[in-house]
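# Architecture at a glance
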Amino acid sequence: FDQGLFVTVSGDRWFDENEDMWGDANGSIWCSPDGVNWTNRGFDFGDSFMTVTAGGGRFIAAGNTIMTSTNGLDWEPVNVPTNYLGTTILLEHIAFGNGTFLATEAPIYPRTLAASVTGFDWRDVTPTNGLIPSSVTWGNGRFLASDTVSGGVTTSTDGIDWATPTPVSSSSHL
């Protein structure tokens, strides 16, 4: 919710027995002024969307591409990291905090991490220290993500430098 408008996204995807993703690429963007009455913006981007967030006066929709809007109604593609071009990505979680958008990839993929301070120009910030953050959110002055390598929880104030993961109990499941 931002600028008096709720925005949500949809896109079809499913996995086969080998965890390969399949699905139609007909992502849609839906808007509502009240959270009850929804309007499909009528776009067929040819892409599948998994997540949307708002921050810094901008909406970001992500999935196997990233789109941006300053009003939730008019959308345009962004500059994705060059190492994403020609590859299969599926950004599944996105958060905004500390002036930065941060997007993480779905668990079946190599777990790339993309960041942007403008919402338009994105760069790859995948950690090189072995961490694989996913399921990112923002709160209390930091990004929080599950680390799929250790099964713990890791934090970052800037989305680039991540703390050593804190283990969760064996009875927990992230």
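Residues numbered from 1 in each chain as written. Predicted model: local features only at pLDDT ≥ 70, side-chain atom pairs only at ≥ 80, totals over all residues. Heavy atoms only, no water.

A few words now on the overall build of the protein. Each helix and strand in the protein was counted, giving zero helices and 16 strands. Each of the 174 residues in the protein was classed as buried or not, and the buried ones make up 40%. Pairs at least 24 residues apart make up 40% of the contacts formed inside the protein by residues separated by at least 6 positions. Summing over all exposed atoms, the protein offers an accessible surface of approximately 8,800 Å²; the carbon and sulfur share of this is 50%. (Helix = DSSP H or I, 4+ residues; strand = E, 2+ residues; numbered from the N terminus. Buried < 20%, exposed > 50% of the residue type's maximum accessible area, 1.4 Å probe, protein only. Contact = heavy atoms within 4.5 Å. Areas by Shrake-Rupley, 256 points an atom, 1.4 Å probe, with all protein chains shown as cover.)

Before going further, it helps to spend a moment on the packing of aromatic side chains. In the structure shown here, the tally under the stated rule is five aromatic pairs. Within the aromatic cluster, the residues linked to one another by ring pairs are F96, F101 and W122. (Phe/Tyr/Trp six-rings, centres within 6.5 Å; stacked < 30°, edge-to-face > 60°.)

This part takes up unusual backbone geometry. For Q3, which is not glycine, the phi dihedral falls at a positive 55°. Structurally, Q3 can be placed in the segment before β1 (6-10).

Let us now look at the environment of D161. Mapped onto the secondary structure, D161 falls in the segment after β16 (153-156). Sequence-wise, D161 and T126 are 35 residues apart; in three dimensions their C-alpha atoms are separated by 9.9 Å. Once residues lying within four places of it in the same chain are set aside, the contact partners of D161 are T155 and S156.

Turning our eyes to something else, we now look at the pairing of strand β15 (residues 142-147). Where strand β14 (residues 133-139) and β15 come together, five bridges link them in antiparallel fashion. In the strand pairing of β15, G139 is matched with R142. If you look at the hairpin formed by β14 and β15, you'll find two residues sitting between the two strands, and N140 has a positive phi there, around 55°. Note: β15 against β16, four bridges, orientation antiparallel. Along β16, the bridge assignment pairs S146 with V153. In this structure, the hairpin formed by β15 and β16 is closed by a connection of five residues, where G151 is found at a positive phi of approximately 80°. (Pairing = 2+ DSSP bridges.)

Take the nonpolar core next. Of all hydrophobic cores here, the largest spans 12 residues; its members are I60, A62, I66, V78, Y84, I89, L91, I94, F101, A103, A114 and W122. Mapped by element, the contributors of at least two residues to this core are β7 (58-63), β10 (91-97) and β11 (100-105). Dropping the residues within four chain positions of it, Y84 is found in contact with I89, T112, L113, A114 and D124. (Core = buried A, V, L, I, M, F, W, Y, C linked by side-chain atoms within 4.5 Å.)

Attention now goes to the sheet that holds β15. Across the sheet, which stays open at both edges, the three strands sit in the order β14-β15-β16 with antiparallel pairing between neighbours. Two strands bound the open sheet, and with one partner strand each, they are β14 and β16. Shown here is a sheet whose adjacent strand axes are inclined to one another by a mean of 25°, direction ignored. (Axes fitted to C-alpha atoms, helices over the stretch in contact; angles between N-to-C directions.)

Here we take up the sheet that holds β7. Pairing within the open sheet is antiparallel, and its four strands lie in the order β6-β7-β8-β9. The outermost strands of the open sheet, each flanked by one partner alone, are β6 (49-55) and β9 (76-77). With two bridges connecting them, strand β8 (residues 66-69) and β9 associate as antiparallel partners. Of the residues in β9, the one forming a bridge with T68 is E76.

Turning next to the environment of A163. One can find A163 in the segment after β16. Classification of A163 as partly exposed rests on a relative accessible area of 33%. C-alpha of A163 to C-alpha of L131: the two residues are 32 residues apart in sequence and 9.4 Å apart in space. Contacts of A163, omitting those with residues within four sequence positions, involve L131, T154 and T155.

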